[in-house]
Amino acid sequence: MSSVTLHDVRFVEPEGTRNYITHDYGALSWLLTKDHKRIAILYLFSITALFILGGFFAVAMRIELLTPEGDLLTSDTYNKFFTLHGIVMIFFFLIPSIPAVLGNFLLPLMIGAKDLAFPKINLLSWYLYMIAAVMGLYIIITGGVDTGWTFYTPFSTQYSNTHVFGVTFAAFIVGFSSILTGLNFLVTIHRMRAPGMTWFRLPLFVWAMYATSIVQLLATPVLAITLAMLMFERVVHVGIFDPAIGGDPLLFQHMFWFYSHPAVYIMILPAMGVASEVVAAFTRKKIFGYSFVAYSSLAIAFLGFLVWAHHMFVSGISVYSAMIFSFLSYFVAVPSAIKVFNWTATLYRGSVALLTPMLYILGFIGLFTIGGVTGLFLAAIGLDVHVTDTYFVVAHFHYVMVGGAVMAYMAGLHYWWPKITGRMYPEWWARLAALLIFAGFNLTFFPQFVLGYLGMPRRYHAYAPEFQVLNVMSTAGASVLAAGYVLPLIYLLWSLWYGRPAGPNPWGAVGLEWATSSPPPMENFHETPVVTWDAYDYPAMMKAMGETQNV
Amino acid sequence: MSDIAITDAAPEPHAHHPFLQHHFEDLGQQHEASTLGMWMFLSTEILFFGGVLCAYWVYRIMYPEAWALAAEQQNKLYGGLNTIVLIISSLTMALAVRNAQLGKRKATVGMLFATLLFGSTFLAIKSIEYWQHFHEGLFPGIHFTWNEVPALAPKVQLFMTFYWSMTGLHALHMVIGAGLLIWMMMRSWRGDFGPEYYGPVEIMGLYWHFVDIVWIFLFPFLYLIHGVHHG
Amino acid sequence: MLSDFPLWPDQASTVAPGVDALMTFMCLVTGGVSVLIFIVIFALAIKYRRTPENELAQDYEPPKALEAAWIIIPFLVFMVMFVWGSWLYFRIQRVPENALDIYATGKQWMWKFQHPGGQREINTLHVPVNRPIRITLASEDVIHSLFFPVFRVKADVLPNRYKTMWFQATKTGRFHIFCAEYCGTLHSGMIGWVEVMEPTDYQKWLAGGAEGSLASQGEKLFQKYACNTCHTNDATGRGPVLAGVYGTPVTLTDNSTVVADENYIRESILNPQAKIVRGFTGIMPTFQGQVSEDDLLKLVSYVRSLGAQKAAVVPVESASSKQTSAGSPLNPGAGIPPQQPKKGTTP
């Protein structure tokens, strides 16, 4: 078969070519599609809707927290809101987001394949997600759940009067969506790479998805069995966590965190992958220390399985156990630090374009750094005794999950929006939104570090009056943040009809996804590429393309 | 305007196999991908069962007497019989894969059917066992009336929680396996499989063997504990 | 003005300055490095910004030694944090000798404190300053967490298991107590005050509400439940002699040994078959369901009072206390009105 090399990247679109959007019309052609790109779009709609739902709970909580008394919502309602905020945001937004939207769309393109290894299982993943989401919605409407997203026993098994069984069953199902996505990606990366696409020519986003998929595959089943045992206890009224028959509530915590800690790496590794792509594209350089960054993804995935009990330092584990987990937690911080330094070093002698995706990623690097170093505070067990279960932890995880993962998701969405839709978004509105999000985020969450150290516990509906000023600051920030999130909803939608048509490669970036049209044809490439160039081989590409690209 | 044909990848040297999915380059790639996919799925099952097995071991170490006493309530005959039945079913499954590879249609169907038969035998024996245990008052919760050694009864109930949930999950996997076997039998009867395409039977075999191996762990853990207990 | 906008709570315990010192160190180091990174990013992004003259990056690979440097140096810094944090943690967990004992029970949604002299408090805890206080914690229902921000300590409180925490207050005053583990509807209402007093004031306070010490109340229960009919003071009894047992190792029928701490005594009352002393048979009846959590504390106090030896206290879980005993159905305890139904009805 003939090949497309970088030197042929001067693109001439065959007239009348259909792309994956125009290939077929009708709802069923989308709902029964096997095309990874269409499935990615299905996910895009779903997770955006769930993000808005999760955001609604957050807004309600922040308004309540303007005053020390619990005067807007009842205690039970507030407890349900923080529970549902956590469940929706973690299981239905963060964990799928980058893998299911950007990973699904881009992975075959980046490796030169026609689709993922198992297209029907890919569609099944989306349906499992939707079934779980509908179940979750039903539960919310019929009373919700108030256990916290962590479902600690015995409260969740024997004391809560809410739909614990239903919600854990929904989480169980959406877990399988995650497992199947991971399985699909792993087999795809192993078996479907185009000729010449060796492991060390892969984009770093692919390495990141590979590492993420390992975690999705191996950690999620442990959550599944933990929730299954919890469901058993809800129905039968005795179970393995029940002290009355000799069970141990701490066993639940160990089993739960064995998944839920690796889960945070499911959320951040793809974000780091996006960061590598955006930094490379907007500096027009290969990422400094490519192999270190690739290996660090694997290291994070592996080490992430060894640190779960750092969520349990005051729960009743032994002092020696605590020390071991503390040590390992410091260990897992090292590969993350490597990435931050490497991204920074890539800027040196690069050609840095401060366009929207890059602004988001620079924001990501900053906020992830803050979130990551506050993780070091929590790993210091003598310090953790004071700050655990306070707003310090809340601030820490929002810095990494929102300041980190969500910012990177926004970066990726903007970076690949032209590829996905064939349109450019309005740059100045996008930059404004990025700045609003960055500013609003910091105003919302930085005061929470102080609140936590001052002693305000988390999951508090009402609080001591001296905490009010910081809470008001936090809520003010949340309104700015919310405005920042609303803007992209509007202008990205606007761009679908009125955005400037993007060419195949509006950024002048190197990568197989940019070597096909925007939007791509159904089968991704008109001819299977044969890869003869390194990842991020900007010098070679630029020579090949001359000066024909415009940014 | 007429549709412009999109050039696909160059045609295969041999005729397009009816079961080659279009996103794969060739049957070899498809086979490798499917097999790898099944192994990965089995790794999730290892973590799934492994989770509850670890929990089981934590309590076994904490309550050795109660565990030994609870294991004595088990019917080793039924358990042992089931173990033999499953091992034989794995043999017939392996033979089914072999027959598929050799393109022996009727033999494949026959071996798949034999596997289904042994699998169903397992489920039948398990049902009898469950029924007996339930009537001995060994189901956790409000139906738990077993009280031969009152001091250890709560922890025997804990053991039984593990017994019922672990064997229940295993039996669920067997039922799913039985359904898959029927589907394989249908495809096999239709003549789908032969030397160049037998992947589905092979990965069916992988799944079935795995379910068998899970039982090989469950049987000694839940039936064969030797220990001292209060009379 | 700064006192109107504090960044940290009062330092009111012996470990608080140490915790704050570690916090300050972490803030300076991580803050400093973060700011450095931000400055570098900012500078590089400006200096190498894309201009028509700089469309393409310069082909340049910084030295690989840099990679090694920023792996090894952060790791060493992390190890300093690890060691410091661990050392502090040991200080926080290791209960000093001669600590004053307080018993705390958490239940939805209040804290009950009992002093050794029998004084009981709800949601308020009076303690003397400059004296180590050891709190033995238990929950009557779900997991709670007793948190004193000014002392910089907290510990989760579990059902069916005793745990210990300690602090030594260094400042008199009135400070917050919070529950720090979500426990249901009024989790944020499960708060109170710790009143740290001068020793003389504390004594005066104690004198105001004694019902007899916990141990003496326990002695009455010991007779009420007829424990003394088997656990006599000599070897002729059907049960082991309890005088001098507390804190000593006990050999069991399977020849293993266990230290007779509070958890062991409590378990022996609720589930006597679990650990039978060598040389005795398992004829002791169980008192599960008959003895409330409060009464259990009194009985344990009494048995403790019979043995003068103090155990080498390992405040966090030791191997013996990991054996959770079969618990009793939850009993709110004397005098407290029953709360709303606790058991979940919705599956």
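This text follows the structure it describes.
Residues numbered from 1 in each chain as written. Chains lettered and ligands numbered in written order. Predicted model: local features only at pLDDT ≥ 70, side-chain atom pairs only at ≥ 80, totals over all residues.

Our next topic: unusual backbone geometry. Glycine aside, residues mostly have negative phi angles, and peptide bonds mostly take the trans form. Residue A:Thr153 is joined to A:Pro154 through a cis peptide bond whose omega torsion reads -5 degrees. Turning to its location among the elements, A:Pro154 is positioned in the loop between α4 (119–141) and α5 (155–159). Of the consecutive residues A:Ser518 and A:Pro519, the connecting peptide bond is found in the cis state with omega at -10 degrees. Residue position: A:Pro519 is located in the loop between α15 (468–498) and α16 (538–545). Although it is not a glycine, A:Arg349 sits at a positive phi angle of roughly 60 degrees. We classify A:Arg349 as partly exposed; it has 19 C-beta atoms within 10 Å. We note that C:Asn255 has phi near 70 degrees; this positive angle belongs to a residue other than glycine. Relative to the elements of secondary structure, C:Asn255 occurs in the loop between β11 (249–251) and β12 (257–259). (Helix = DSSP H or I, 4+ residues; strand = E, 2+ residues; numbered from the N terminus. Buried ≥ 20, exposed ≤ 12 C-beta atoms within 10 Å, placed from the backbone.)

One can describe the packing of helix α6 (residues 164–191) of chain A onto helix α1 (residues 27–62) of chain B by two numbers: an axis separation of 9 Å at closest approach and a directional angle of 140 degrees. Relative to α1(B), the element α6(A) lies oblique. As for the relative orientation of α6(A) and α1(B), their crossing is right-handed in sense. In this structure, α6(A) contributes A:Ile179, A:Leu183, A:Leu186, A:Val187, A:His190 and A:Arg191 to the contact, and α1(B) contributes B:Gln29, B:Glu32, B:Ala33, B:Leu36, B:Gly37, B:Met40, B:Phe41 and B:Thr44. Of the residues in the contact of α6(A) with α1(B), the class split is 8 nonpolar, 4 polar and 2 charged. (Axes fitted to C-alpha atoms, helices over the stretch in contact; angles between N-to-C directions. Parallel < 35°, antiparallel > 145°, perpendicular 65-115°, else oblique. Left-handed = near helix turned anticlockwise from the far one by under 90°. Contact = placed C-beta atoms within 7 Å. Nonpolar A, V, L, I, M, F, W, Y, C, P; charged D, E, K, R; others polar.)

Residues and elements named next belong to chain C. Along strand β7 (residues 153–157), 5 of the 5 residues are buried, which leaves the element largely enclosed by surrounding structure. Residue alternation in β7 divides its side chains into two sets, Val-153, Ala-155 and Val-157 and Lys-154 and Asp-156, and both sets are buried. Where strand β6 (residues 144–148) meets β7, 5 bridges bridge the pair, whose relative direction is antiparallel. The residue of β7 that forms the bridge with Ser-145 is Asp-156. Hairpin connection between β6 and β7: a loop of 4 residues separates the two successive antiparallel strands, and Arg-152 in this loop has a positive phi of roughly 65 degrees. (Pairing = 2+ DSSP bridges.)

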